[in-house]
Amino acid sequence: MSRLDWQIGTVVAITTDTPRVKTFTLSLPHWTAHRAGQHYDLRLSAADGYQTERSYSIASPPEQTGEIALTVELIADGEVSGYLHEGVAVGDQLELRGPIGGYFVWPAGAPAAPLLLVAGGSGVVPLMAMLRHRQRAGLPNPAVLLFSIRTPEEVIYQQELEDMAAADPAFTLLLTYTRQAPAGWAGYHHRVDAAMLAEAVAYLPGAPQCYVCGPTGLVENVATLLQTQGLPDEAIRTERFGPTGG
Amino acid sequence: MPFINKGFHAKRPTGGAHKLPPGQYETQDFPVLTAGPTPRINLANWEFRLEGLVENPVKWSWNEFNALPQQSFNPDIHCVTKWSKFDTKWRGVSLDTLLEHVQLKPEAEFVLAFSYGGYTTNLPLADLRNGQAFIGLQYEGKPLAPEHGGPARLVVPHLYFWKSAKWVQGLRLMEVNKPGFWEEAGYSMYGDPWKEQRYGSDDDDEADPSSLRR
Ligand SMILES: Cc1cc2nc3c(=O)[nH]c(=O)nc-3n(C[C@H](O)[C@H](O)[C@H](O)COP(=O)(O)OP(=O)(O)OC[C@H]3O[C@@H](n4cnc5c(N)ncnc54)[C@H](O)[C@@H]3O)c2cc1C
């Protein structure tokens, strides 16, 4: 069986990360080690023969063998995210194939380069796989996650990220709230801009490898700003989740 | 027995007269998918080249290229990341028009499109002819935006959209089929949405290039 053949996974856990985001952990009969940043394709089939597919980044690290975690944001009127959020329970089965994607990945034999991760909303998912891999594999690469979200209730993986940052001096978590910040918040409270990126880079001891993931507007803007700050194109990898805006 | 997700059904009717390839969904947006930052291209240095297995390589500047006859195209487009978009409105130069300017060597069978920023993708030459492909310069009546591949992108609507190289800089005519950027990364050598050729393993027969021809 090839990693690109369809297989049927079983949902073994569902966690609610935010009011609009759930993580589905699936055990797979044919699990293949992935590289952090890769995704699976998920296929839904209706009784009348209708089928549709969507891609979901792998949130779990390759160290979590035999299963994968997919973190799915509920999109208003979304066909697949709506079904997953409303129609899927522990014990249900889902058809999927992967791991897929050879570019937006943090190399398996990770180079020592520092990591600058910039996420908007659910764009944090593939970056979380990198951070979890870094932690579980004990990789020394200094890392910064700059995470842009609209409101406090939308911070995916908040507790885990804060714990990771508290336990590891080589990892810095920077949050920016674009609409509403928590009470007493002294940190960033606007969209990612040049000054914020320069500060994020300054936490790192050298030129970083950058991974940027989120809505198109954020990714376009951040990638251009990083270019402007003199980072070479090869050091900037991007993934855009669907629509414009954000 | 085929696998069925209980309780799942299509959420909305799609397309009217249009058809969706298997696994795709319709979007009204124009999503952007790119591996890295958008290249910034200076029109003063822009050029488009036809090279490789041609008797007379040609090169157009931006002004020369824009002086070529242009047409409107309204194709349905299909991205391997699952979205399809119906009835997109483009203006550009047909590949038939461009190919009139070169004399192909008889062994020219495949094309490698190459782009500013280093992107490449491969296609059979036959798929670029007879009104099947064009270089898009305008989208919805405006110059094509940089994030969508402006100033100029290849558009080959009958194949998955990664074959429609953004920021295209030229086409290299070749005798053998060589994988481009995503093809090297495991994507299909041909990319027919109707056969759902997303990845190399979806190709009828990866080893036999003749099976990649239509
Ligand atoms: C490589 C890759 C990795 C991805 N990883 C993840 C992931 O880890 N987690 C995740 O939640 N999603 C991820 N996505 C997005 C995901 O594939 C779907 O697009 C998303 O779940 C919406 O599908 P849907 O069927 O619910 O909505 P649809 O029924 O397809 O769309 C409903 C409406 O919402 C619009 N829409 C579609 N997608 C979005 C969106 N992302 N935000 C806002 N509006 C949208 C559509 O244009 C449409 O109008 C990824 C996409 C790609 C290409």
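Residues numbered from 1 in each chain as written. Chains lettered and ligands numbered in written order. Predicted model: local features only at pLDDT ≥ 70, side-chain atom pairs only at ≥ 80, totals over all residues. Heavy atoms only, no water.

Overview of the overall build of chain A
Part 1: A count of helical and extended segments in chain A gives five helices and eleven strands.
Part 2: The C-alpha radius of gyration computed for chain A amounts to 18 Å, which stays within 12% of the reference 18 Å derived for 246 residues, consistent with globular compactness.
Part 3: When each of the 246 residues of chain A is scored for burial, the buried share is 54%.
Part 4: Counting contacts in chain A only where the partners sit at least 6 residues apart, residues at least 24 apart contribute 72% of the total.
Part 5: Total accessible area on chain A stands at roughly 9,400 Å², and carbon and sulfur atoms take up 53% of it.
Part 6: Measuring between centres, the 15 positive side-chain charges of chain A sit 3 Å from its 25 negative side-chain charges. (Helix = DSSP H or I, 4+ residues; strand = E, 2+ residues; numbered from the N terminus. Rg over C-alpha atoms; globule rule 2.2 N^0.38 Å. Buried < 20%, exposed > 50% of the residue type's maximum accessible area, 1.4 Å probe, protein only. Contact = heavy atoms within 4.5 Å. Areas by Shrake-Rupley, 256 points an atom, 1.4 Å probe, with all protein chains shown as cover. Lys, Arg positive; Asp, Glu negative; His and termini not counted. Charge placed at Lys NZ, Arg CZ, Asp CG, Glu CD.)

Topic: the UniProt feature "domain: FAD-binding FR-type" (unreviewed entry) in chain A
Part 1: When the UniProt feature table is mapped to this numbering, "domain: FAD-binding FR-type" (unreviewed entry) covers residues 4-106 of chain A.
Part 2: Taken end to end, residues 4-106 of chain A is 9% helix and 47% strand, and its two terminal C-alpha atoms sit 20 Å from one another. (UniProt positions renumbered as here; feature names shortened; annotations may be inferred.)

Concerning the nonpolar core
Part 1: Phe 48, Phe 65, Leu 98, Ile 135, Leu 154 and Leu 171 of chain B are the most contacted members of the largest nonpolar core, which totals 45 residues.
Part 2: Secondary-structure elements contributing two or more residues to this core are strand 2 (47-52), helix 1 (62-66), helix 2 (95-99), strand 8 (110-115), strand 10 (134-139) and strand 13 (168-174) of chain B.
Part 3: Beyond its immediate sequence surroundings of up to four residues, Phe 48 of chain B is in contact with Val 58, Lys 59, Trp 60, Phe 65, Leu 98, Ile 135, Val 168, Gln 169, Gly 170 and Leu 171 of chain B.
Part 4: Counting residues in each nonpolar core, the second largest holds 32 residues, with Ala 36, Leu 117, Ala 119 and Leu 161 of chain A among its members. (Core = buried A, V, L, I, M, F, W, Y, C linked by side-chain atoms within 4.5 Å.)

Section: the pattern of salt bridges
Part 1: Taken as a whole and assessed by the stated rule, the structure comprises 17 salt bridges over all chains.
Part 2: Close ionic contact of Arg 54 of chain A with Glu 79 of chain A constitutes a salt bridge, the shortest N to O distance being 3.6 Å. Residue Arg 54 of chain A is located in strand 4 (residues 51-57), and its partner Glu 79 of chain A is located in helix 1 (residues 79-87); the two are separated by 25 residues in the primary sequence.
Part 3: Here Arg 49 of chain B makes a salt bridge to Glu 47 of chain B, at a shortest N to O gap of 2.5 Å.
Part 4: Sharing partners across several salt bridges, the network here consists of Glu 47, Arg 49, Glu 51, Lys 59 and Arg 172 of chain B. (Salt bridge = Lys/Arg side-chain N within 4 Å of Asp/Glu carboxyl O.)

A word on the pairing of strand 4 of chain A
Residue and element names in this part refer to chain A.
Part 1: Counting buried residues in strand 4 gives five out of seven residues, a clear majority hidden from the surface.
Part 2: Across seven bridges, strand 3 (residues 39-45) lies against strand 4 in antiparallel orientation. What sits directly across from Leu 42, in strand 4, is Arg 54.
Part 3: Hairpin connection, strand 3 to strand 4: the antiparallel pair is bridged by five residues, and Gly 49 has positive phi, about 100 degrees. (Pairing = 2+ DSSP bridges.)

Notes on the sheet that holds strand 1 (residues 7-18) of chain A
Residues and elements named next belong to chain A.
Part 1: Spatial ordering of the open sheet is given by 4-3-6-1-2-5, a layout of six strands whose pairing is antiparallel. Edge strands, defined here as strands with exactly one partner in the open sheet, are strand 4 and strand 5 (67-73). Sheet twist, expressed as the average angle between the axes of neighbouring strands with direction ignored, equals 40 degrees.
Part 2: Note that strand 1 and strand 6 (residues 93-100) share four bridges and pair antiparallel. When the sheet's bridge partners are listed, Gly 9 is paired in strand 6 with Leu 94.
Part 3: Each of strand 2 (21-27), strand 3, strand 4, strand 5 and strand 6 touches helix 1; the most contacted strand, strand 4, lies at about 80 degrees to it. (Axes fitted to C-alpha atoms, helices over the stretch in contact; angles between N-to-C directions.)

Quick word on the domain arrangement of chain A
Residues and elements named next belong to chain A.
Part 1: Each assigned domain of chain A is listed here: domain 1 (7-100) and domain 2 (115-240).
Part 2: The C-alpha-based centres of domain 1 and domain 2 are spaced at 24 Å.
Part 3: Contacts between the two partners involve 17 residues from domain 1 and, on the opposite side, 17 residues from domain 2.
Part 4: For the pair domain 1 and domain 2, the two sides together bury roughly 1,400 Å², of which 60% comes from carbon and sulfur.
Part 5: Three residues stand out in domain 1 for area buried against domain 2, namely Ala 36, Ala 59 and Glu 63, and they jointly supply 30% of the buried area on that side.
Part 6: The tally of links between domain 1 and domain 2 comes to zero salt bridges.
Part 7: Seen at the junction of domain 1 and domain 2, the total is four residue pairs in polar contact (both at pLDDT 80 or more).
Part 8: Elements with a contribution of two residues or more to the side of domain 1 that touches domain 2: strand 1, strand 2 and strand 5. (Domains from an automatic or database assignment. Buried area = accessible area lost by both parts, 1.4 Å probe. Polar contact = N/O pair within 3.5 Å; in protein donor to acceptor, adjacent residues only side chain to side chain.)

So, the pairing of strand 1 of chain A
Residue and element names in this part refer to chain A.
Part 1: As paired strands, strand 1 and strand 2 are joined by seven bridges and run antiparallel to one another. Paired with Thr 10 across the bridge in strand 2 is Ser 27.
Part 2: Counted along the chain from strand 1 to the antiparallel partner strand 2, the turn is two residues long.

A few points about the UniProt feature "domain: Oxidoreductase molybdopterin-binding" (unreviewed entry) in chain B
Part 1: Taken from the UniProt record, the annotation "domain: Oxidoreductase molybdopterin-binding" (unreviewed entry) applies to residues 36-182 of chain B.
Part 2: Secondary structure within residues 36-182 of chain B divides into 8% helix and 35% strand; the distance between the first and last C-alpha atoms comes to 13 Å.

Re the site of the ligand
Part 1: As a matter of local geometry, the ligand sits amid 23 residues, with Ser 55, Tyr 56, Glu 79, Val 80 and Ser 81 of chain A nearest to it.
Part 2: Each of chains A and B places residues next to the ligand.
Part 3: A distance of 3.1 Å is found between a nitrogen atom of the ligand and a backbone nitrogen or oxygen belonging to Ser 57 of chain A.
Part 4: Where the shell around the ligand is concerned, the elements lending two or more residues are strand 4, strand 5 and helix 1 of chain A.
Part 5: Ranked by residue count, the leading element in the shell around the ligand is strand 4 of chain A, at four residues.
Part 6: Looking at side-chain class alone, the shell around the ligand contains eight nonpolar, eight polar and seven charged residues. (Near = heavy atom within 4 Å. Nonpolar A, V, L, I, M, F, W, Y, C, P; charged D, E, K, R; others polar.)

Comments concerning the sheet that holds strand 11 (residues 236-240) of chain A
Residue and element names in this part refer to chain A.
Part 1: Read across the open sheet, the five strands follow the order 9-8-7-10-11; overall the sheet is parallel. The open sheet has two free edges, formed respectively by strand 9 (171-177) and strand 11, since each of these has just one partner strand. Neighbour to neighbour, the strand axes of the sheet diverge by 10 degrees on average, direction disregarded.
Part 2: Two strands pair when backbone bridges link them, and strand 7 (residues 115-120) and strand 8 (residues 143-149) are joined in this way by six bridges, in the parallel orientation. Within the sheet, the bridge partner assigned to Leu 117 lies in strand 8 and is Leu 145.
Part 3: Lying over the sheet, helix 5 (residues 216-228) contacts strand 7, strand 8, strand 10 (209-214) and strand 11, oriented at roughly 160 degrees with respect to strand 10.

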